[in-house]
Amino acid sequence: MKMNSNEQNILSIDIGGTSIKTVLLDEYGNMLSDYLKSKTPDSATPKDIVEGIQELIKPIPNTFNRVSIGFPGYVKNGIVKTAPNLAKNKWDDVALAQRVADALDKPVRLVNDADQQGLGVVDGKGFEIVFTVGTGFGTALLFDGDLLPHLELAHFPISKEEDYDDYIGNKAFEKLGNERWNKRLKKVIETYKTVFNYDTLYIGGGNAKHIDFKLDSNIKLVSNRDGIKGGAKLWKLADKFNIFTVNPKV
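To keep things clear, this report deals only with the structure shown in the data block. Please read all numbers here as calculations on a predicted model, not as lab measurements.

## Section: the sheet that holds strand β13 (residues 245-246)
Taken together, 6 strands build an open sheet; the order of strands is β3-β2-β1-β4-β7-β13 and the sheet is mixed. On the outer flanks of this sheet lie β3 (36-39) and β13, each paired with one strand and no other. Where strand β2 (residues 19-25) and β3 come together, 4 bridges link them in antiparallel fashion. If you follow Thr22 over to β3, its bridge partner there is Leu36.

What follows is the structure in structure tokens.
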């Protein structure tokens, strides 16, 4: 792929419970490097994630001046508040954006992974929702292409014993098998259709490839490769959307 030394380039990173992905983007979201990924360590700690990023990006030329990160949990102002599919009791109030900014010596914007994917895949018309069905269940809500405040809908109870993460995440897929998992996904889609009355629903994540039923015409399957392009849009958002930028310490 063509390399570009443009100072507006962005290193886009997608941290998942199963893998860490990265690619170099120009300011318009075009890929300027190979799409790389590596396995997320089991029960990954903050140190594991930062070291994993540093190792993964070694083949990527240092022609970027900013970094976008999608993270599988609730994030506020560059601080990780939850990380249900990574190491337990190691992620409370972790300044991950600062750690990565210092490690790479670049400014960082850190958001929920589904939010970043949403920015990469939506058409920007009306009310759009993004699902990620992978290790967990991620969601993002957008209106006319702008992010709405992030809601951790994965932790909304669906029964006395389970939230959506438990109900439709990868552990449920492995336990129930393809047929029963698809029935559950159908139920989730019907619930969201009724509650949100969305214009378009996008479904991505590693388990989206297992969907075996016909989807409505306003439901689209998307890939992680498409979603990671949202890292470019993350740097185009106006200040009113309160996307916090963390600069490396001098």
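What follows continues from the structure just given.
## Some points on the environment of Gln98
Within the secondary structure, Gln98 sits in helix α2 (residues 96-104). In this structure the C-alpha to C-alpha distance between Gln98 and Glu51, which are 47 residues apart in sequence, comes to 14 Å. Engagement of the side chain of Gln98 in a polar contact is seen with the backbone oxygen of Asn247, the distance being 3.0 Å.

## Things to note about the sheet that holds strand β12 (residues 219-221)
Spatial strand order, β10-β9-β8-β11-β12: 5 strands in an open sheet with mixed pairing. Edge positions in the sheet fall to β10 (146-147) and β12, since each has one partner strand and no second. Note: strand β8 (residues 127-133) against strand β9 (residues 137-143), 7 bridges, orientation antiparallel. If you follow Phe131 over to β9, its bridge partner there is Thr139.

Rules and cut-offs
Residues numbered from 1 in each chain as written. Predicted model: local features only at pLDDT ≥ 70, side-chain atom pairs only at ≥ 80, totals over all residues. Heavy atoms only, no water. Pairing = 2+ DSSP bridges. Helix = DSSP H or I, 4+ residues; strand = E, 2+ residues; numbered from the N terminus. Polar contact = N/O pair within 3.5 Å; in protein donor to acceptor, adjacent residues only side chain to side chain.

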